[in-house]
Amino acid sequence: MMQKEDMGMRKAKGGLGVALMALSVSAWAVPERWQLNMTPGVTATSQDVFQLHMLILWICVAIGIVVFGAMFYAMIKFRKSKGAVPATWSHNTTAEIIWTVIPVLILLGMAWPATQTLVRMADTGDADMTVKITGYQWKWRYEYLGEDVKFMSSLSRAADEARQLGSGIDPNSVENYLLDVDRPLVVPTNTKIRFVITADDVIHAWWVPALGWKQDAIPGFINEAWTEIEEPGTYRGQCAELCGKDHGFMPIVVVAKPRAEFDAWLAEQKAANAPATDAVVQAPAPTKS
Amino acid sequence: MATYATTDHHEDHDHKPSGFFERWFMSTNHKDIGTLYLVFSLIMFFIGGAMALVIRAELFQPGLQLVEPDFFNSMTTVHALVMIFGAVMPAFVGLANWMIPMMVGAPDMALPRMNNWSFWIMPFAFALLLSTLFMEGGAPAGGWTLYPPLSIQGGNNVAFVIFAVHMMGISSIMGAINIIATILNMRAPGMDLLKMPVFVWTWLITAFLLIAVMPVLAGAVTMLLTDKFFGTSFFSAAGGGDPVMFQHIFWFFGHPEVYIMILPAFGIVSEIIPTFSRKPLFGYQAMVYATASIAFLSFIVWAHHMFTVGMPLGGQLFFMYATMLIAVPTGVKVFNWVATMWRGSMTFETPMLFAVGFVILFTIGGFSGLMLAIVPADFQYHDTYFVVAHFHYVLVTGAIFSIMAAVYYWLPKWTGRMYNETLGKWHFWLSTITVNILFFPQHFLGLAGMPRRIPDYNPAFADFNVISSVGGFAFGITQLLFAWIVIDCCLRKRGAKATSGVWESAKGLEWTLASPAPYHSFTTPPKIDDRMLAHGDVSH
Amino acid sequence: MNASGRHRVLLKRMLLTCAASFVFCFSLIPIYTIYCEITGINGKTGTLSPVAAGATTIDYSRTVKVEFDAAVKSGLDWEFRPKVASVDVHPGDVIEVMFEAINREPELIVGQAVPSVAPNRASLYFSKTECFCFTEQPLEAGESKDMPVRFVIDPAIPANVSTVTLSYVFYRNEHATQRLAQSAAAIDNRVL
Ligand code: HEM
Ligand SMILES: [Cu+2]
Ligand SMILES: [Cu+2]
């Protein structure tokens with residue numbers, strides 16, 4: 001019953017459309033039902049990206065209104081059934097110059113903020129810590145470089161059971177279905193975290209929408225990205241590059257904790273891990289024969 | 001260089017070959033081969049469509065109900081290959097075969113024997129590709145983009161799909177050479193290059209694109225083949241190669257390829273809109289130059305498909321600016337179509353409806369393309385349903401709508417009979433409504449965070465997936481109506497007899513021939529009357 | 001020229017274009033490799049002769065943190081780790097660090113290490129004068145081996161690079177492993 005009401009409310013919210021979403025400041029950590037738009041996310045970068053997205057979206061809507069408006073006006077007004085007599089002209093240099101130059105100006109207006117955001121996103125300097133992410137078929141491995149903490153992160157057991165063909169388990173009954181893992185990546189808030197991203201077997205892509213970017217994980221090569229999360233919380237994402245049969249089943253969960261809590265967590269991991277590190281690291285060997 | 005010539009391969013008789021086998025299997029006649037291409041394309045459209053419905057059926061609800069993930073991936077992979085290489089490209093080649101000789105005043109294509117070959121390779125290529133569905137280990141499942149290392153993890157299907165791609169490439173190249181030879185060597189006297197119909201122009205440029213990039217695709221898949229079976233490591237880091245290099249080569253082919261699938265569509269729409277607006281095409285020369293600059297730019301934007309592979313900042317900026325630049329000539333085209341309609345005297349028969357639908361819906365796809373070009377935003381959009389929505393707007397409501405418009409437009413010329421106009425209008429409206437139910441919600445899904453190429457999803461994505469699936473099945477069923485309208489017109493011949501002009505204000509050489517068009521088009525070169533050209537005054 | 005003559009000329013030209021385009025595709029491999037060497041875009045490092053490396057002046061005003069990362073391709077039972085997690089270096093200074101590899105497989109394996117540097121804009125300025133990745137690394141069953149890397153960072157490295165990660169992955173070198181196994185078998189036979 002509760003759920004139904006909740007749904008109805010969200011439906012109404014969805015119905016209000018894109019405009020409302022743009023104003024919403026709540027940073028959603030998981031996708032919502034009837035969600036229409038990107039969320040602003042929880043980092044300065046993701047907010048920049050969201051603003052850029054809204055800017056180009058509205059520019060496109062505006063151009064669309066002008067162009068389609070002219071078209072519908074023409075289709076209604078200049079009909080043969082209304083006795084319209086066709087003109088015979090077939091060019092107009094002024095008009096052609098105008099509709100070449102104006103788009104160029106609009107594009108410049110879009111390119112400028114895009115370039116600025118991109119330059120900021122590319123700056124991985126001055127990070128406080130480095131986390132290595134490795135994609136495997138079909139799970140993720142996280143390693144806190146220099147800390148000797150590393151572990152595998154795979155689809156939660158409940159979801160894994162429910163997702164089997166003909167399992168008979170209703171996905172709606174599984175919390176965070178396909179967006180939950182056994183061991184999430186834990187990171188501190190308000191800390192510039194640098195990621196080095198690679199893969200073991202095929203190409204994967206690491207994507208948490210709330211952080212504002214995705215980055216390919218390529219076997220034999222390392223890529224770089226960074227984030228600085230402002231709000232503590234749990235943020236969910238998925239692999240975003242086709243990587244074989246269970247590509248849809250290797251989610252990502254990031255838990256952001258205040259610095260002190262994170263430090264405590266890390267110390268705990270180190271203590272627990274120290275003797276058993278090997279066993280954890282050796283886990284990935286799907287093709288060993 | 002206005003010339004006309006027949007070819008010595010060609011026997012100048014006016015009768016159709018008598019036997020069924022001779023007529024259809026050994027045919028060297030541009031109309032028969034055009035028909036073969038179009039029929040083949042329609043069959044592939046339904047095969048690819050059936051696969052799309054498997055995908056939409058599995059995505060109807062969260063949870064796996066129908067197929068294993070591996071088979072799901074095979075469906076997305078083979079669906080894309082069949083639709084691109086089996087449905088869209090052959091349909092355009094079929095239209096080129098039918099129309100280009102008639103539009104430039106030639107009796108037939110320049111190289112009729114090669115024409116026969118280029119068609120008959122295709123059924124074998126697709127038999128090879130589709131046979132993998134019944135093989136142990138299944139059909140290729142690494143995506144139509146064939147990215148290694150994933151694509152070569154498959155078994156023998158890798159060899160099959162690569163040979164199939166080779167054959168499709170050879171077929172396309174032969175078709176393209178034939179089209180170039182026909183356009184450059186076979187035009188009637190007085191049919192100067194800058195008097196050619198826009199459809200002929202767009203195909204000329206497309207054919208050059210094909211010749212430039214199909215061999216690149218062939219090279220890329222050959223390297224995959226040797227990596228898989230002969231121990232090379234072009235694309236494997238362990239042996240000193242780089243998997244990202246495959247993506248660069250693939251998209252160097254791939255981006256021009258997407259324009260190969262849209263430039264002829266621009267041509268078709270530029271023929272239809274003036275006819276039903278009863279007004280010459282606005283800015284004919286601008287249209288030609290815009291097409292040429294789009295084709296040129298298409299060679300320097302490929303990496304916009306791979307913004308997330310870890311390119312340096314400078315590379316990302318270059319490819320972003322170049323991609324945004326493509327929007328300018330594309331915009332010029334759209335504005336010119338609207339200007340053609342402005343102060344015209346319009347009627348809305350089925351071809352015009354599809355052409356107008358094309359302009360609006362293709363432009364929506366162009367808008368999402370522009371958004372995808374903005375690198376920081378693409379970091380979010382990339383590999384989500386937002387991209388899926390983008391390319392289906394440009395391909396289904398772009399390329400496919402234009403093909404349907406072309407079929408309705410020229411069918412009376414081909415068969416001598418009108419199609420059923422009422423059913424045609426139904427087909428248009430049902431298609432337009434259902435295709436938007438199918439693809440528009442996919443924008444929302446992508447923005448909300450649903451990745452592409454996944455067989456199952458979180459229930460938060462369920463609502464729009466249901467809507468999309470319903471739209472998909474409705475669109476699929478609607479296309480049976482299209483098949484019926486075409487069969488009805490071609491075989492039952494109940495429609496009114498078509499005049500040679502067919503449409504009240506159609507201009508161009510093809511409309512000076514009888515309907516149905518004679519088996520050999522212009523056995524004597526026609527006299528070109530500038531006033532009879534679709535784009536009016538061409539002196540500017 | 002008559003029609004078929006013109007068609008033939010055109011056909012020939014088009015086929016030549018196709019052939020050129022096919023060859024172009026393969027030439028993209030060396031072009032890309034050279035391009036990457038010049039720009040460092042795919043994270044492959046430069047190599048420098050020890051003499052040249054010794055000749056650069058050291059920039060004591062700056063330190064760059066170099067992190068080391070080691071991985072083994074899944075399916076290969078080796079252990080592989082850097083002996084230090086990271087070092088702070090002055091650009092221009094020649095640094096040597098050790099990695100350690102242990103072969104846990106029951107037989108001789110030849111490994112090949114593949115290096116990669118992040119960020120890729122730093123890789124141009126990151127040169128190795130000596131590296132275990134330059135050669136094949138044969139390890140007997142159970143053998144452990146210390147392997148040195150000597151590198152120098154060019155003082156011209158962009159100012160906004162403060163951390164560089166040097167990463168290696170060990171792969172099994174199938175060919176070399178088989179070759180060595182065969183020659184070992186041949187020696188065994190002779191002894192018997
Ligand atoms: C205004 C013109 C266009 C622009 C700016 C544009 C831009 C883009 C961009 C940036 C992407 C990559 C998105 C991503 O993967 O993150 C893309 C994907 C794609 N576009 Fe376009 N596009 C345009 C027109 C077209 C046209 C005309 C077609 C075909 C008829 C087309 C077909 C495709 C296809 C098939 C893909 C997806 C390929 C794949 O990953 O499987 N686009 N487009
Ligand atoms: Cu994946
Ligand atoms: Cu593209």
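Residues numbered from 1 in each chain as written. Chains lettered and ligands numbered in written order. Predicted model: local features only at pLDDT ≥ 70, side-chain atom pairs only at ≥ 80, totals over all residues. Heavy atoms only, no water.

## What about the overall build of chain C?
Next, step 1: When its secondary structure is counted, chain C shows four helices and ten strands.
Next, step 2: Written out in order from the N terminus, the α and β elements of chain C read α-β-α-β-β-β-β-β-α-β-β-β-β-α.
Next, step 3: For chain C, long-range pairs separated by at least 24 residues make up 77% of all intrachain contacts whose partners lie at least 6 apart in sequence. (Helix = DSSP H or I, 4+ residues; strand = E, 2+ residues; numbered from the N terminus. Contact = heavy atoms within 4.5 Å.)

## Thoughts on the pattern of salt bridges
Next, step 1: Scanning the entire structure with this criterion turns up 31 salt bridges over all chains.
Next, step 2: For K150 of chain A, the salt bridge is made with D148 of chain A, and the minimal N-O distance between the two is 3.8 Å.
Next, step 3: We classify K150 of chain A as buried; its relative accessible area is 16%.
Next, step 4: Owing to a relative accessible area of 47%, D148 of chain A belongs among the partly exposed residues under this scheme.
Next, step 5: We note a salt bridge from E96 of chain C to R150 of chain C, for which the minimum N-O separation is 2.8 Å. (Salt bridge = Lys/Arg side-chain N within 4 Å of Asp/Glu carboxyl O. Buried < 20%, exposed > 50% of the residue type's maximum accessible area, 1.4 Å probe, protein only.)

## Describing the coordination of the iron atom of ligand 1
Tetrahedral coordination by four donors sets the ideal angle at the metal to 109.5 degrees; octahedral coordination by six donors sets it to 90 or 180 degrees.
All names here are of chain B.
Next, step 1: Here the protein supplies the iron atom of ligand 1 with just one donor, H390 (NE2), and that contact is 2.2 Å long.
Next, step 2: Separating the iron atom of ligand 1 from the copper ion (ligand 3) is a gap of 4.5 Å.
Next, step 3: Relative to the helices and strands, H390 is located in helix 13 (residues 385-415). (Donors = N, O, S within 2.8 Å, 3.2 Å for Na, K, Ca; no water.)

## A word on the site of ligand 1
Residues and elements named next belong to chain B.
Next, step 1: Near ligand 1 lie 22 residues; those nearest to it are W144, D378, H382, H390 and R452.
Next, step 2: Side-chain polar atom of H390 to a nitrogen atom of ligand 1: 2.9 Å apart, as the coordinates give it.
Next, step 3: Contacts to ligand 1 include R452, whose side-chain N or O atom sits 2.9 Å from an oxygen atom.
Next, step 4: Among the elements of the structure, helix 7 (243-260), helix 11 (350-373) and helix 13 are those that each provide at least two residues to the shell around ligand 1.
Next, step 5: Top element by residues in the shell around ligand 1 is helix 11. It accounts for six residues.
Next, step 6: Grouping the amino acids of the shell around ligand 1 by side-chain chemistry returns 13 nonpolar, seven polar and two charged. (Near = heavy atom within 4 Å. Polar contact = N/O pair within 3.5 Å; in protein donor to acceptor, adjacent residues only side chain to side chain. Nonpolar A, V, L, I, M, F, W, Y, C, P; charged D, E, K, R; others polar.)

## Things to note about helix 3 (residues 69-104) of chain B
Residue and element names in this part refer to chain B.
Next, step 1: An ideal rise of 1.5 Å per residue puts 52 Å on 36 residues; helix 3 measures up with 50 Å between its terminal C-alpha atoms.
Next, step 2: Remark: the principal bend of helix 3, roughly 35 degrees, maps to M83.
Next, step 3: Among the 36 residues of helix 3, 34 are classified as buried, and the element is accordingly described as predominantly covered.
Next, step 4: Just downstream of helix 3 lies G105, where phi reads positive at about 80 degrees. (Expected span 1.5 Å × (residues − 1). Bend = angle between axes of the 7 residues up to and from the residue.)

## Focus: the nonpolar core
Next, step 1: Formed by 300 residues in total, the largest nonpolar core has its most connected members in Y144 and W206 of chain A together with F85, F126, W203, W337 and W410 of chain B.
Next, step 2: At 23 residues, the largest contribution of residues to this core is made by helix 3 of chain B.
Next, step 3: Each of domain 1 (1-39) and domain 2 (44-180) of chain C gives at least three residues to this core.
Next, step 4: Ignoring sequence-local partners within four residues, the contact set of W410 of chain B consists of L95, M99, M103, F199, I268, E271, E510 and W511 of chain B. (Core = buried A, V, L, I, M, F, W, Y, C linked by side-chain atoms within 4.5 Å. Domains from an automatic or database assignment.)

## Section: the interface of chain A and chain C
Next, step 1: Across the contact, 28 residues belong to chain A and 27 residues belong to chain C.
Next, step 2: Counting the surface lost from both chain A and chain C, the interface buries some 1,900 Å², and carbon and sulfur atoms represent 44% of this.
Next, step 3: Across the contact surface, chain A and chain C share three salt bridges.
Next, step 4: The salt bridge involving K132 of chain A is made with D69 of chain C; its shortest N-O contact spans 2.8 Å.
Next, step 5: Linking chain A to chain C there are nine residue pairs in polar contact (both at pLDDT 80 or more).
Next, step 6: Sorting elements by how many residues they give to the side of chain A that touches chain C places strand 1 (residues 129-136) of chain A first, with three residues. (Buried area = accessible area lost by both parts, 1.4 Å probe.)

Coordinates in, geometry out; function isn't part of it.
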